[in-house]
Amino acid sequence: MADNSPSTGYLVPTRQVRIADLQKKKGTGEKWAMLTAYDYSTARAFAQGGVECLLVGDSAANVVFGYGQTQQVSLDEMVYLAAAVVRGAGNALVIADLPFGTYEASDEQAVVSAAEMMRRSGAAMVKIEGGVRIAPRIRALVTAGIPVCAHIGFTPQSVNALSGFKVQGRGDAADQLLADVRAVAEAGASMVVLEMVPADVAAEATAAVDIPTIGIGAGPETDAQVLVWHDLAAFPADGHRPKFAKQWAQVGEDLTTAASSYKREVAEGTFPAAEHCF
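These numbers were taken from a predicted model, which means no experiment stands behind them.

A. Up close: the overall build of the protein chain. Of regular secondary structure, the protein chain possesses 10 helices and 10 strands. Since a compact globule built from 278 residues should have a radius of gyration of about 19 Å, the 20 Å found for the protein chain is in line with a globular shape. Dimensions of the protein chain, computed from C-alpha atoms along their principal axes, come out at roughly 65 × 40 × 35 Å. When contacts within the protein chain are restricted to residue pairs at least 6 apart in sequence, those whose partners lie at least 24 apart make up 55%. Summing over all exposed atoms, the protein chain offers an accessible surface of approximately 13,400 Å²; the carbon and sulfur share of this is 54%.

B. Region of interest: the pairing of strand E5 (residues 93-97). Of all five residues making up E5, five are buried, and the element is well covered by its neighbours. Covered by surrounding structure in E5 are Leu93, Ile95 and Asp97 together with Val94 and Ala96, the residues of both alternating faces. Sheet topology note: the strand E4 (residues 53-56)/E5 ladder contains four bridges and is parallel. In the strand pairing of E5, cysteine 53 is matched with leucine 93. Inspection of the sheet shows E5 paired to strand E6 (residues 125-129) by three bridges, in the parallel sense. Counterpart to alanine 96 in the pairing with E6 is valine 126. Each parallel crossover has a hand, and for E5 linked through helix H5 (residues 107-121) to E6 it is right-handed.

C. Structural view of the environment of phenylalanine 244. Topologically, phenylalanine 244 is positioned in the loop between helix H9 (229-232) and helix H10 (251-268). For phenylalanine 244, the contacting residues outside a window of four places in its chain are Met196, Ile216, Gly217 and Leu227.

D. Representation of the nonpolar core. One finds Leu54, Met117, Ile138 and Leu194 to be the most contacted residues of the largest nonpolar core, which totals 61 residues. For this core, the element with the highest residue contribution is helix H7 (residues 174-187), accounting for seven residues. If near-sequence neighbours (up to four positions away) are discounted, isoleucine 138 is found in contact with Ile128, Val148, Ala150, Val184, Ala187, Gly188 and Ala189. Residues Met34, Cys53, Leu93 and Cys149 belong to the second largest nonpolar core, which totals 17 residues.

E. Looking closely at the sheet that holds strand E7 (residues 148-153). Taking strand neighbours around the barrel as the criterion, the eight strands line up as E3-E4-E5-E6-E7-E8-E9-E10 in a closed arrangement whose pairing is parallel. Across this sheet, the average inter-strand angle for adjacent strands is 25 degrees, counted without regard to direction. The pairing of strand E9 (residues 213-216) with strand E10 (residues 224-227) spans two bridges and is parallel. If you follow glycine 215 over to E10, its bridge partner there is glutamine 225.

F. Structural context of helix H6 (residues 135-143). Where H6 is concerned, the buried positions are Ala135, Arg137, Ile138, Ala140 and Leu141. Packing partners of the buried residues in H6 comprise H5, E6, E7 and H7.

G. Spotlight on the packing of aromatic side chains. With the rule as written, the count across this model stands at four aromatic pairs. Arranged with centres 5.6 Å apart and planes meeting at 20 degrees, the rings of tryptophan 229 and phenylalanine 235 form a pair that is stacked. What makes phenylalanine 235 partly exposed here is its relative accessible area of 25%. In textbook terms, an aromatic cluster arises when at least three aromatic residues are bridged by ring pairs, as seen for Phe46, Trp229 and Phe235.

H. The pairing of strand E8 (residues 191-195), seen in detail. Here E8 lies mainly inside the structure; five of its five residues are buried. Here E8 shows a buried face lined by Met191, Val193 and Glu195 and a second buried face lined by Val192 and Leu194. As judged from the five bridges shared by E7 and E8, these two strands associate in the parallel manner. The partner of glycine 153 across the bridge, within E8, is glutamate 195. In this sheet, E9 lies alongside E8 in parallel orientation, the contact comprising four bridges. By the bridge assignment for E9, valine 192 is matched with threonine 213.

Analysis parameters
- Residues numbered from 1 in each chain as written.
- Predicted model: local features only at pLDDT ≥ 70, side-chain atom pairs only at ≥ 80, totals over all residues.
- Heavy atoms only, no water.
- Helix = DSSP H or I, 4+ residues; strand = E, 2+ residues; numbered from the N terminus.
- Rg over C-alpha atoms; globule rule 2.2 N^0.38 Å.
- Contact = heavy atoms within 4.5 Å.
- Areas by Shrake-Rupley, 256 points an atom, 1.4 Å probe, with all protein chains shown as cover.
- Buried < 20%, exposed > 50% of the residue type's maximum accessible area, 1.4 Å probe, protein only.
- Pairing = 2+ DSSP bridges.
- Right-handed = clockwise from strand over helix to strand, strands pointing away.
- Core = buried A, V, L, I, M, F, W, Y, C linked by side-chain atoms within 4.5 Å.
- Axes fitted to C-alpha atoms, helices over the stretch in contact; angles between N-to-C directions.
- Phe/Tyr/Trp six-rings, centres within 6.5 Å; stacked < 30°, edge-to-face > 60°.

Here it is as structure tokens:
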């Protein structure tokens, strides 16, 4: 399924990554990676880097549109971003978030919203937030032939109900989190994101279900990991970085430096030089 690309040196999937491929990795113990993506160019770069799965997250509300909360992004906005990611994703599997207010009201609303997302964007599956309470929506989507990635633990769309950004599943709350992971698996979810969950609880949840678990701030024992790409690349340079994120690059600083150098050379008249002219 993967080959060592001569152009990048990374293991790049040589055929389309399917849900079954990622589910199979759970059985073999092979870890895999997911990154957020919101446009064609970054999707292409991440796919060329060998990332198996790209998530068009509603974190776009913050990092793309500059909204204060994820609840403010619309289905239309998410569809446009997801379509661009699909065009750049190569063989990577693309998952798109259904934004706040597009699936909570009824099973019918969830199916209509998910069908619109998949039809217009070409995404392979949708992601929705919630455990036991949202299991009926997952079941309805799966019955309609729409693959679902569930999302439990800290769920950003419910940040107000959760009273802020807090670790979920500590102490007595671990039982509820385990009930949530079992509920989404039984409802037919193909995989589940565990966000901001104690590592030992995430490990127990991973062992409790047959579907892949994808951790973000959930320790090393989940089947896969996901990060918002702006966090791993330190973009922008002065942005907040969560405790669970590591920076592998300094894109924000490099981009600011490049822009500053460009401005200076334009002002000095040294750009464009002779080699840049026809």
